[in-house]
Amino acid sequence: MSGTVTPTGTQCNPGPEITGSLYADAGRSPGADMPPWPKTSFDSADAELDLSRFDFDVDFDAAYVHSGSLHIDGDWSGGDLFRRCGLDPDGRYLGELTAFVVDGDLTVDGTLDLDAGVKESFALMVTGALRAEVLTLDATMLFVFGGAQVSRLIDFTTNDGTLSIAGTTTCPLTICDEGDLNLRSTGHILCRFSTTLPDPHPPVDDPDDWPQPTITLSRAEVPSALAEGLYDESHWVDSELAVNWARAGRPLLIGTS
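Calculation criteria
Residues numbered from 1 in each chain as written. Predicted model: local features only at pLDDT ≥ 70, side-chain atom pairs only at ≥ 80, totals over all residues. Heavy atoms only, no water. Helix = DSSP H or I, 4+ residues; strand = E, 2+ residues; numbered from the N terminus. Contact = heavy atoms within 4.5 Å. Pairing = 2+ DSSP bridges. Axes fitted to C-alpha atoms, helices over the stretch in contact; angles between N-to-C directions. Phe/Tyr/Trp six-rings, centres within 6.5 Å; stacked < 30°, edge-to-face > 60°. Buried < 20%, exposed > 50% of the residue type's maximum accessible area, 1.4 Å probe, protein only. Lys NZ or Arg CZ within 6 Å of the ring centre and 35° of its normal. Salt bridge = Lys/Arg side-chain N within 4 Å of Asp/Glu carboxyl O.

K.L.:
Help me understand the environment of Phe 143 in this model?
P.N.:
As for its position among the elements, Phe 143 is in strand 10 (residues 141–144). Distance in space between the C-alpha atoms of Phe 143 and Thr 127 is 8.3 Å, their sequence separation being 16 residues. The residues touching Phe 143, leaving out its near neighbours within four places in the chain, are Phe 56, Phe 60, Ala 123, Leu 124, Met 125, Val 126, Thr 162, Ser 164 and Trp 210.

K.L.:
In this structure, what is going on with the sheet that holds strand 2 (residues 39–41)? I would like to understand it.
P.N.:
The pairing of strands in a sheet comes from backbone hydrogen bonds and takes either a parallel or an antiparallel form. Taken together, the seven strands give an open sheet; going across it, the order is 2-3-6-8-10-12-15, and neighbouring strands pair in mixed fashion. Two strands close off the open sheet at either side, each with one partner strand: strand 2 and strand 15 (180–182). Across the sheet, the mean angle separating the axes of adjacent strands is 20 degrees when strand polarity is ignored. Here four bridges tie strand 8 (residues 123–126) to strand 10, and the two strands are oriented parallel to one another.

K.L.:
Quick question: what am I supposed to make of the packing of aromatic side chains here?
P.N.:
Pairs of aromatic rings are described using the distance from one ring centre to the other and the angle between the two planes. A complete count under the given rule lists 13 aromatic pairs for this structure. With centroids separated by 5.3 Å and ring planes inclined at 65 degrees, the aromatic side chains of Phe 82 and Phe 122 adopt a geometry described as edge-to-face. Here the residue Phe 82 occupies a position in helix 2 (residues 78–84), and Phe 122 occupies one in the loop between strand 7 (106–113) and strand 8, the gap between them amounting to 40 residues. The class of Phe 82 is buried, set by a relative accessible area of 3%. Between the aromatic rings of Phe 143 and Trp 210, the centroid separation amounts to 5.7 Å while the plane-to-plane angle is 35 degrees, which identifies the pairing as tilted. Of this pair, Phe 143 sits in strand 10 while Trp 210 sits in the loop between strand 16 (188–191) and helix 3 (222–225); the two residues are 67 residues apart in sequence, bridging distant segments of the chain. The two residues Phe 143 and Trp 210 agree in class, both being buried. Through pairs of rings, three or more aromatic residues link up here, namely Phe 42, Phe 54, Phe 56, Phe 60, Phe 143, Phe 145 and Trp 210. Between the NZ or CZ atom of Arg 250 and the centre of the ring of Trp 245, over which it lies, the distance is 3.7 Å.

K.L.:
Help me out: how do you make sense of the pattern of salt bridges in this one?
P.N.:
Pairing between side chains of opposite charge can happen when the charged atoms of each approach one another. Throughout the structure, instances matching the rule amount to six salt bridges. In this structure, Arg 83 and Asp 80 form a salt bridge, with 3.2 Å as the shortest nitrogen-oxygen distance. On the criterion of helical spacing, the pair formed by Arg 83 and Asp 80 is a turn pair, its members being three residues apart in helix 2. Taking relative accessible area as the criterion, Arg 83 reaches 38% and is therefore assigned partly exposed. With a relative accessible area of 11%, Asp 80 lands in the buried category. When the shortest N-O distance is used, the salt bridge between Arg 192 and Asp 177 registers 2.8 Å. Here the residue Arg 192 occupies a position in the loop between strand 16 and helix 3, and Asp 177 occupies one in the loop between strand 14 (173–176) and strand 15, the gap between them amounting to 15 residues.

K.L.:
Please explain unusual backbone geometry as it appears in this structure.
P.N.:
In most cases, non-glycine residues show a negative phi, while peptide bonds are predominantly trans. Of note, the phi angle at Asp 57 is positive, near 65 degrees, even though the residue is not glycine. Mapped onto the elements of the fold, Asp 57 is located in the loop between helix 1 (42–49) and strand 3 (62–67). Asp 57 sits in the exposed class, given a relative accessible area of 67%. In the Ramachandran plot, His 235 falls in the positive-phi region, its phi being about 70 degrees despite a non-glycine side chain.

K.L.:
Which parts of the structure should I look at to understand the environment of Gly 146?
P.N.:
Among the secondary structure elements, Gly 146 is positioned in the loop between strand 10 and strand 11 (148–156). Residue Gly 146 is classed as partly exposed on the basis of its relative accessible area, which comes to 41%. Ignoring anything within four residues of it in the chain, the contact list for Gly 146 reads Thr 127, Gly 128, Ala 129 and Ala 166.

Shown next as structure tokens:
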């Protein structure tokens, strides 16, 4: 397995574009040959990058900051992120609430799975836009300041994590449970715990807050919207199977290819 990590500059922190295969061994993660992201206090990173322009409801202690946009050629996991910052995801716990910051756009040519390969909760903050084929997270926190384009699926079937995306999210299907979901999507949002659609609430455009989701699918609408085989007789959608289908490029919604 090989991959490419391409950092490109931002207006505030211009940087060289680095391309090419950066790891050749199957056990090595994207960007293993690049220097670790520098660590600073979260307050210092916030003062420079205005990370608290939106409400987090948590107090972060430390931040690892990558200056510039980042392009991952392939899948990227939380374990890859830890190793990219010089941390051992299988070692001791961080002992502090940590935010990993991409000061620019983040493009993942595959699946972004922040909970894979790590033992503890953390946050990833992207000051620009996020692009990926599949996004899945559970107990971690993801904050995106510049909108998102996820071409196949957002899997947020959790009661613990946080997914907050400012601006517009373009994704055909988002599957959620009762986690802290804050986004406005152009596609369907399915809440697996809703047996019927909740009363609609018109979106409130507040530039200083995260957008609120509009649930478009409940379990009642699942058979008319989702491909057969993704759900059981009670219309409960198998999110793990949905992720596997999405990663394989199989259609999840009826009438799509």
